[in-house]
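Architecture and fold: a report
Each chain, written out:
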Amino acid sequence: FEYSFCCGTHVAHTGEVGLIKIRQWERRREVVRVDFVCGGRALQDYHDKNRLAKRLSGKLSAPVEALEAAVDQSLLKCERLAEELLRTKQALYKNLAAQLAAQAVRTGAGVLVVDYVLVGASPQDVALLAKELLQQPDAVVLLAGVTEAAKAHLLFASAGAGAGGLPMGVLLQQTLLPLGGKGGGSATAAQGGCPGEKAAAALQSAKSAVLAALDGR
């Protein structure tokens, strides 16, 4: 048997308990934990959920009994829109990657070094652009995405011969250390963050380090 302090309210008879509502239960090994309310709290729980159901019914323009189907339909619509948005972004960044590659100059060692700051971009956006740029042979990609919250997400990556033996993880850490940022990664890819206003300076510093490594190769 389990021994515990009794913190409950004692009743003279079970009728004083009133309505009992089991809200949820879970089994953990041999123990079943039950979450329930009773009396006025059970009634209040019903009122709260009834008001919530009515609000959702109004937002989704569906009767309460059809809410689950309406939510499923809305979620499916959101998934389709997300897929469409992803395809649009992929096409956008494919074109942008082609423009950046055309504007960038290959070094004497034949390495293409591209640095670019994406404004209002998420880490996913930065990754999409990097993926397209890495289709170029012997490319070094130095990207930063600055969010609306003025935070920068940095992504350094290399393909093929890369940055003259300079690991991207080491490059990122050396770049962010004086800027108060943090990050890390492998020899071919690294990610980190720093204040948005320092993103351009971070890329310029990294680019200089890459060019110096390539000159010394």
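Our subject is the structure listed above.
Below is a summary of the structure that appears in this document.

Criteria and thresholds
- Here the residue index of a chain counts from 1 through its sequence in written order.
- For this predicted model, a pLDDT threshold of at least 70 governs which residues receive local features, and a threshold of 80 or more governs which side-chain atom pairs are given and counted, while totals over whole chains, interfaces and linings are taken from all residues.
- Derived side-chain values reflect all non-hydrogen atoms in the structure, with water molecules and hydrogen atoms excluded from consideration.
- Buried means the residue's accessible area, taken with a 1.4 Å probe over protein chains only, is under 20% of the maximum for its type, while exposed means over 50%, and partly exposed covers the values in between.
- The helix count covers DSSP runs of H or I at least four residues long, the strand count covers runs of E at least two residues long, and both are numbered beginning at the N terminus.
- Any two strands with at least two DSSP bridges between them are considered paired.
- All axes here are fitted lines through C-alpha atoms, helices being fitted over the stretch that makes contact, and every angle between N-to-C directions spans 0 to 180 degrees.
- In these notes the angle categories are as follows: under 35 degrees is roughly parallel, over 145 is roughly antiparallel, 65 to 115 is roughly perpendicular, and the rest is oblique.
- By convention the crossing between two helices is left-handed if the near helix lies anticlockwise of the far one by an angle smaller than a right angle, and right-handed if it lies clockwise.
- Here, two residues are considered to be in contact whenever any of their heavy atoms come within 4.5 Å of each other.

It is worth spelling out the pairing of strand 5 (residues 151–158) at this point. Judged by how many residues are buried, strand 5 sits mostly within the fold: 7 of 8 residues are covered. Two elements, strand 4 (residues 139–146) and strand 5, share 7 bridges in a ladder whose sense is antiparallel. Across the sheet, L142 pairs through a bridge with F156, a residue of strand 5. What sits between the antiparallel neighbours strand 4 and strand 5 is a turn of 4 residues, in which A150 has the positive phi angle 60 degrees.

A few words now on the packing of helix 1 (residues 40–60) against helix 2 (residues 67–103). As a packed pair, helix 1 and helix 2 sit with axes 10 Å apart at the nearest point and diverge in direction by 50 degrees. Classified by the interaxial angle, the pair formed by helix 1 and helix 2 is oblique. The element helix 1 and its partner helix 2 pack so that their crossing is left-handed. Contacts between helix 1 and helix 2 involve A53, L56, S57 and L60 on the former and, on the latter, L67, A70, V71 and S74.

Once that is clear, we can look at the sheet that holds strand 6 (residues 182–185). On the basis of which strands lie adjacent, the open sheet formed by 5 strands has the order 3-4-5-7-6 and mixed pairing. This sheet does not close on itself; its edge strands, each paired only once, are strand 3 (112–119) and strand 6. Strand-to-strand twist in this sheet, taken as the mean axis angle between neighbours without regard to direction, amounts to 10 degrees. Of the strand pairs in this sheet, strand 3 and strand 4 are connected by 8 bridges, and their pairing is parallel. Along strand 4, the bridge assignment pairs L112 with A139.

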